[in-house]
Amino acid sequence: MRCVVLGQSGTEVFKRAVSSETQRQTEADPGFAGLFKNICFRQELDEQGADLAVPVDRLAEWLDRYNAWFEQKCLSAASRAFMITQNRSAALTCERLLLICDKIGMLAEKVHAGLMQLQVTLDLASCIEDRERLETLLDTGVGKIYLAAPNADRKKPEPDRCLPDRCLSVVESITQRNVRLVFTGPVQFWIESGALELEGVNALNFEMSPQRCGRTGSLRYRRPFDPCKARFQLFVCVDGLIYPCDGVAGLAHCALGSIADDLADTVLGSRASFLDLKTLSAGGPEIKASEDLGEDRLGDTLPLVCRLHRKDLLKDA
Amino acid sequence: MNSEPHLEKEMAICYNSLVIESTTRCNAKCAHCCQNSGPKGSDLWGDETLTSEQMETVVQDAARIETLGKRFHLAGGESFLDLEGCLRLFELAKQVGCTEIANTTNAFWAKKPAKAIAICEQMRAAGVTRMEVSWDYWHSAYVSPDAVSNCLEASAETGIFTILRVLTTKSHCAPEALRMLRTEALAKVGSVMVGPVFPTGRAAQTIESSDFFKTDNLKGACFSLLNLVVNPRGNVFPCCAGLDQTDNLNFGNVKNESITEIAERMNNSLLLRILVFGGPSKLVPYLRRSGIEIEMNHTNMCHFCRYIFSDPDRTRILEKQFQRLERVDRALRGFRTKRDGGVQASRE
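I will try to describe carefully the structure that is included in this document.

Conventions used here
Throughout this description, residue numbers start from 1 for each chain and increase along the sequence as written. In the order they appear in the text, chains get letters beginning with A and ligands get numbers beginning with 1. Only residues with pLDDT of at least 70 get local features here, since the model is predicted, and only at 80 or more are side-chain atom pairs given and counted; chain-wide, interface and lining totals rely on the full set of residues. By the criteria applied, helices consist of DSSP H or I runs no shorter than four residues and strands consist of E runs no shorter than two, each listed in order from the N terminus. Here the radius of gyration uses the C-alpha set of atoms, whereas the globule reference equals 2.2 Å times the residue count to the power 0.38. What counts as a contact here is a pair of residues whose C-beta atoms, placed from the backbone, lie within 7 Å. Labels follow a simple rule on C-beta atoms placed from the backbone: if 20 or more others lie within 10 Å of a residue's own, it is buried; if 12 or fewer, it is exposed; otherwise it is partly exposed. Two strands pair if DSSP finds at least two bridges between them. Every crossover in which the path from the first strand over the helix to the second runs clockwise, viewed with the strands pointing away from the viewer, is termed right-handed. Angles here are taken between N-to-C directions and fall from 0 to 180 degrees, while the axes themselves are lines fitted to C-alpha atoms, restricted in helices to the stretch in contact. Should an angle fall under 35 degrees it is taken as roughly parallel, and over 145 as roughly antiparallel, whereas 65 to 115 is taken as roughly perpendicular and any remaining angle as oblique. Helices are assigned an expected span. That span is 1.5 Å times one less than the residue count.

**A word on the overall build of chain B**
- In terms of helices and strands, chain B carries 13 helices and eight strands.
- Its C-alpha atoms give chain B a radius of gyration of 22 Å, within 12% of the compact-globule value 20 Å for 348 residues.
- Expressed along its principal axes, the backbone C-alpha trace of chain B runs to roughly 80 × 50 × 35 Å.
- Nonlocal contacts in chain B, meaning residues at least 24 apart in sequence, comprise 78% of its contacts between residues at least 6 apart.

**Structural notes on the environment of A:Pro164**
Residue and element names in this part refer to chain A.
- Along the chain, Pro 164 turns up in helix 6 (residues 164–176).
- Expressed as a C-alpha distance, the spacing of Pro 164 and Ser 193, which sit 29 residues apart in the sequence, is 5.4 Å.
- If we skip the residues at most four places from it in the chain, Pro 164 touches Ser 193 and Gly 194.

**With respect to the pairing of strand 6 (residues 117–123) of chain A**
Residues and elements named next belong to chain A.
- When you tally the buried positions in strand 6, you get seven out of seven residues, the bulk of the element.
- Examined bridge by bridge, strand 5 (residues 89–93) and strand 6 share four bridges and lie parallel to one another. The residue of strand 6 that forms the bridge with Ala 91 is Gln 119.
- This β-α-β element, strand 5 to helix 3 (residues 101–113) to strand 6, shows right-handed connectivity.
- With five bridges joining them, strand 6 and strand 7 (residues 144–148) adopt parallel strand pairing. Looking at strand 7, one finds that Thr 121 is bridged to Tyr 146.

**Considerations on the pairing of strand 3 (residues 100–105) of chain B**
Residue and element names in this part refer to chain B.
- Across the six residues that make up strand 3, a large majority, six, are buried.
- Residues Glu 100, Ala 102 and Thr 104 line one face of strand 3 and the alternating positions Ile 101, Asn 103 and Thr 105 line the opposite face, and both faces are buried.
- In terms of strand pairing, strand 2 (residues 71–75) meets strand 3 through four bridges, oriented parallel. Each residue of the ladder has a partner; that of His 73, found in strand 3, is Ala 102.

**Some remarks on unusual backbone geometry**
- Cis geometry marks the peptide bond from B:Gly76 to B:Gly77, where omega comes out at 10°.
- Mapped onto the elements of the fold, B:Gly77 is located in the loop between strand 2 and helix 3 (83–95).
- A positive phi angle, near 55°, is found at A:Leu115, a position not held by glycine.
- Structurally, A:Leu115 is set in the loop between helix 3 and strand 6.
- Judged by local crowding, A:Leu115 falls into the buried class, with 23 C-beta atoms found within 10 Å.

**Structural notes on the packing of helix 3 of chain B against helix 4 (residues 113–126) of chain B**
All names here are of chain B.
- Two elements in contact, helix 3 and helix 4, have axes separated by 8 Å at closest approach and are oriented at 25°. Relative to helix 4, helix 3 is oriented roughly parallel. Along the contact surface, helix 3 presents Leu 83, Leu 87, Phe 90 and Glu 91, while helix 4 presents Ile 119, Gln 122, Met 123 and Ala 126.

**Structural notes on helix 13 (residues 312–347) of chain B**
Residues and elements named next belong to chain B.
- Between the first and last C-alpha of helix 13 there are 52 Å, a value that for 36 residues agrees with the 52 Å anticipated at 1.5 Å per step.
- Helix 13 sits mainly on the outside: three of its 36 residues count as buried.
- Those residues of helix 13 that are buried are in contact with helix 10 (270–278), helix 11 (284–289) and helix 12 (301–309).

See below:
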């Protein structure tokens, strides 16, 4: 049987044949694979600042196995002939990421092999300071950059490091490579920077995500209809554990498994899950906790319903 | 094994979301409106509005379409001209299992903060998870920036994720529209999505052509970006990016038949398959072969697609060519089936 996977990054289409080995192993039920379209590597640098906390080569090796597993699971159950990967992405978030930009190519290769778009988060100040490394990163074929305003968590920006002309030069450099830009942090900063008036920026589609860093002014939890599906992603954290969403990151009993595990031995395979993923996906969590959150280390970075769910789960830990 | 399959012939067309464009009417008559909407309806189609019964039938029937994601989006014109009707539809979408329920509005109804909160509360209770607010230089002639700011703040207060949609031309960039809104409201927006105005609809008549951003890269495909769209006339399309505003490529109307049958017909259309899996640029050779000259200077592939199908002659030529190809394909399949059956029988 002829077989192909099809992926898309923006409007660019990628397709390739599926091996006969993968076809033989295809299963009728995609299981939990269908719930997780995207991956997020939430990482930090190791102590030497020379690699990620989970080394890039280990993430790449896991991604290779994950891609093969995902194809087996998601080939069209109806015809077993094709699958559409839709707009899938793998995001990498890590402070000072540019320091290890030469290693990102290895991960990018696996991301693209899975027909996903590679997305990274960078802060504007680092990009201004290290243009050479920024160019190296752009060479890896990154599809989307979340560009963070300087000192988004503080009230005063750093005016001398982020002078408008240096800021504009970075933004122009990124848009010239046809990379989709998401400006994160205060909208006001980006308006004042002049970046939003650049013709190259306005000629393309771009996004702004004011709440992605800093305080969000949290969303109120008023109604019992908060399906988790829109927030579900595979979050690979610094300890190598995989979580179904950022709201439960760090709660080991909610992990789906580890990148060291064979995928068949994780919740994505046959292991029982502490969380009822299908119910959460369709209807959201049933909240028992009061709205008094106390000192939550996640602060305002999550919607209130997720923070309350987390509070409930902490009791079960 | 042949590793290059007949993708366009065999893969199911999948849709992210069901989109209903309930009406051509809008309280505003923006100069850039791609839908030509206004208080008296569309400049081209007049006042076209789907009835509540028609929309409810669509939502219920569409839940049975396996290739459709569990998302529902209500748009217009300005669908909030009938708030009660919107709320009933959102409730129904929740009941049939949609996990994301969204709408597009210009926020005209949010003139007072208290009223904005009250309406957002009702929407949230009905199941709305996301609100897309249209706001830019052209909307500001009809909707006050305070109403938009009120809407953004009320949505955040009631737990509805907001997307502020801003359109631009060379002379009207995003900051011009953003500066009109309250800083506190902008801080509560979930996402701001900015893109260029297409030179289509009313924009093509009212905005100088030199003011549009243009590109010469019209390659690419849209198979992963599709939505199953019912326009205000009841016609069904695979997207809401411009094709839904044309009259020529017609797959069926929900006033006459179920959306499930129409979706099936769309899935069987070779023309649509080539369009979504190959992109509109794949249709150019078919048109040129028939002696049709094609302009290649468009804003993007969506604009290019609308350009192709807004012309009845271009559409008719493509439909004829693809109907012929479908006949050939059916004959070949029949031949192969007979041949393979014969081989199997001789082996047995």
